[in-house]
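# What the coordinates show
Spelled out, the chains give:
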Amino acid sequence: MTATRTMTYAEAIREAMFQAMTADPRVFLMGEDVGIYGGAFGVTNDLYEKLGTDRIRDTTISELGIMGAGVGAALTGMRPIVEIQFSDFLCQAMDQVVNQAAKLHFMVGGQASVPLVIRAPGGSGTGAAAQHSQSLEAWFAHVPGLKVVMPSDATDAASLLLAALEDPNPVLILEHKLLYKQSFEVPEVFPKALLGQGRIVREGTDLTIVATSIEVQRASEAAELLAADGISAEVIDPRTIKPLDLPLILASVSKTGRVLLVQEAVKFNGFMSEVAAGIAESPAFGDLQAPIRRLCGLDTPIPYSPQLERASVPQVADIVREATALVKEW
Amino acid sequence: MVETPTAAEGLAILRTMWRIRLFEEAVEDLYGRGMMHGTMHLSIGEEAVPTGACLALKDGDQITSTHRGHGHCIAKGADLGRSMAELLAKDNGYCRGRGGSMHIADVATGNLGANGIVGGGLPIAAGAGLSNKLRGVDNVCLCFHGDGSVGEGAWHEALTLASMWDLPVVFVCENNQYGMSMPSKKAFKVENISDKAAGFGIPGETVDGNDVLAVREAVQRAVDRARRGEGPSFIEALTYRWRGALEVGQEPLPHQGRDPGLARPRPHRAMGRRDARHRACHP
């Protein structure tokens, strides 16, 4: 049994960054207010005191410029981490993410790569409204050359960040802003993680719930409630949505015969549509006893009102309701 | 006072300019005969800018380039065979035929690549400068860009970061007077685009981009400054593109007919409206 300790999601990310920067002089971080301010969500906190302002580098409010500077530094021997304050602001940096970082390795015939790690918080739940609460993962997963990671707990947030820093190509990590202050049990040493390897969070036999980011936690809570009602739910966290650990999902679907796909992002053209298609195209389709079901955010901007905000993305009760229907009706 | 080159230097300068001119003419010829596909942006008439600018560089220095980038690559030392092979979509091209004209790069020698996005190279140049600074080397990144990119947010953000951090970057604006069809005189309400450098608190200078020695001198001054750790500079090189970008209805320009020193008796094709060949070389 390995020793554990308690730390928040934000602390785990901070410790992983400190660990990486201590081990590798090529790693540095730049972003808005990451220095003395400590980051908009306090992720960097006092890192600049330990590592200096060269490596914990405050920038102007220039997302496109920062992202491009990350690309240029990555092309020339550094391992930059670019923090984008809210993932919504990636819209300001799209050219450098999509047209430059993602494509350079391919466009230049493999003679160079862009080992750039982008960290950005997504998701709703803080009352920050429509321009600070989106879940845009599907956009980025749609671009060949980008890897997209969505850690759902502190250990994954740290381990996947360390894995991303070892990857020769650009990796976008979409953290969840509601998780930053939550505490988790984490091992003394962050375990080695592989990008593209999902995780069975909880085993079950009646249905599979695939969920991402904060919805993993909600799905786990729902699974507890479902168990009390005699329904055994298996919860799967893909952890990286691209590359996707489809075999893990398919094996679970074949076992349970039912699948509920849960994401905070809007349903239309979302990541779970890809998972649904992957199941439908596979032999696991033949093991299904019920149609594939998706539970996603409403097709609307995230509203400001706390009641409306909660109502616009899947909550625990919604997952329980959908899972129960899936099992009882089929 | 522009320093006169030695005979050997002069020969080398002229050789580079001719290599660019003849390369571009070969591209135009192959394209016109249907032997090359895709999109080609020729830099005929602009040879003095990359030739003069790259003379100020040493090993390990980088450049970022543009969609009109063949001249930059050649001036930085690219192999003509591998460059042409890339344009012909061959596996022995710089990018193994994956990139083509707008993505030629030779990263190992510091050519960080042409760019299909106007303004795309500017923040990348800032990043290369930052990398040089963080790695503690005295290398400089030369950022070629066109007047068309001056209206892009990327231009402003790159200059903001480079000036804030005193990065070793020299921004060389090739003002060939048109952003596709938009005259730069109409687009920018300043006498010279280099006047904008003052807004970033960095030196700005306008030079005759068809005078290779004037370009060399200005860029050398800026590169020396950057190497000393004193930060970025902005140089506007006034030039003119002779091919592949004049659009419908433009008036003849003051620079039309001027040449950076490579004029030779060759009938100049009527320009002013797209013709089939012209259109083929520029969307």
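Structural data are supplied above this passage.
The present account deals with the structure reproduced in this document. Treat the numbers as computed from the prediction; the structure is a model and nothing was measured. (Residues numbered from 1 in each chain as written. Chains lettered and ligands numbered in written order. Predicted model: local features only at pLDDT ≥ 70, side-chain atom pairs only at ≥ 80, totals over all residues. Heavy atoms only, no water.)

### Topic: the interface of chain B and chain A
Going by this rule: Contacts are residue-level and defined by heavy atoms, with any inter-residue pair within 4.5 Å sufficient. Two parts lose some accessible area (1.4 Å probe) when they are put together, and adding that loss for both gives the buried area. By salt bridge we mean one thing: a side-chain nitrogen of Lys or Arg within 4 Å of a carboxyl oxygen of Asp or Glu. Under this definition, polar contacts are N or O atom pairs within 3.5 Å; protein pairs additionally need one hydrogen-donor-capable and one acceptor-capable atom, and for neighbouring residues in sequence, both atoms have to be side-chain atoms. Helix and strand definitions here come from DSSP, where helices need a minimum of 4 consecutive H or I residues and strands a minimum of 2 consecutive E residues; each element is numbered from the N-terminal end. Residues are sorted three ways: Asp, Glu, Lys and Arg are charged, Ala, Val, Leu, Ile, Met, Phe, Trp, Tyr, Cys and Pro are nonpolar, and all the rest, Gly among them, are polar.
Contacts between the two partners involve 29 residues from chain B, matched on the other side by 30 residues from chain A. Across the chain B/chain A interface, buried area totals approximately 2400 Å², and carbon plus sulfur atoms make up 68% of it. Among the residues of chain B in contact with chain A, Ile124(B), Leu134(B) and Glu157(B) are the three that bury the most area, contributing 21% of the side total. Where chain B packs against chain A, one counts zero salt bridges. For the pair chain B and chain A, the number of links is 11 residue pairs in polar contact (both at pLDDT 80 or more). Listing elements by their share of the side of chain B that touches chain A, those giving two or more residues are α5 (121-135) and α6 (153-164) of chain B. For the side of chain B that touches chain A, the element with the highest residue contribution is α5(B), accounting for eight residues. Considering only residue class, the side of chain B that touches chain A consists of 15 nonpolar, nine polar and five charged.

### Section: the sheet that holds strand β11 (residues 233-237) of chain A
Residue and element names in this part refer to chain A. In plain terms, the rule: Here the rule is simple: two strands pair whenever DSSP picks up at least two bridges between them. Structural elements are reduced to axes, namely lines fitted to C-alpha atoms, with helices fitted over the stretch in contact, and the angle between N-to-C directions of any two is expressed from 0 to 180 degrees.
Spatially, five strands are ordered β9-β11-β10-β13-β14 in an open sheet, and the strand pairing comes out mixed. Taken across any chain shown, the strands that pair with only one partner, and hence form the sheet edges, are β9 (199-202) and β14 (293-297). The sheet shows a mean angle of 25 degrees between the axes of neighbouring strands, direction not considered. Examined bridge by bridge, strand β13 (residues 259-266) and β14 share four bridges and lie parallel to one another. Pairing of Val262 across the sheet is with Leu295, part of β14.

### Comments concerning helix α4 (residues 80-87) of chain B
Residue and element names in this part refer to chain B. What counts, and what does not: Burial classes follow relative accessibility: with a 1.4 Å probe on protein chains only, a residue under 20% of its type's maximum area counts as buried, one over 50% as exposed, and anything between as partly exposed.
For α4, every residue scored as buried is listed here: Ser83, Met84, Ala85, Glu86 and Leu87. Looking at the buried side of α4, the elements it contacts are α1 (7-32) and α3 (70-76). Structurally, the start of α4 carries an N-cap: the backbone nitrogen of Gly81 is 3.1 Å from a side-chain oxygen of Asp79. One or two residues past the end of α4 sits Ala89, with phi positive at roughly 60 degrees.

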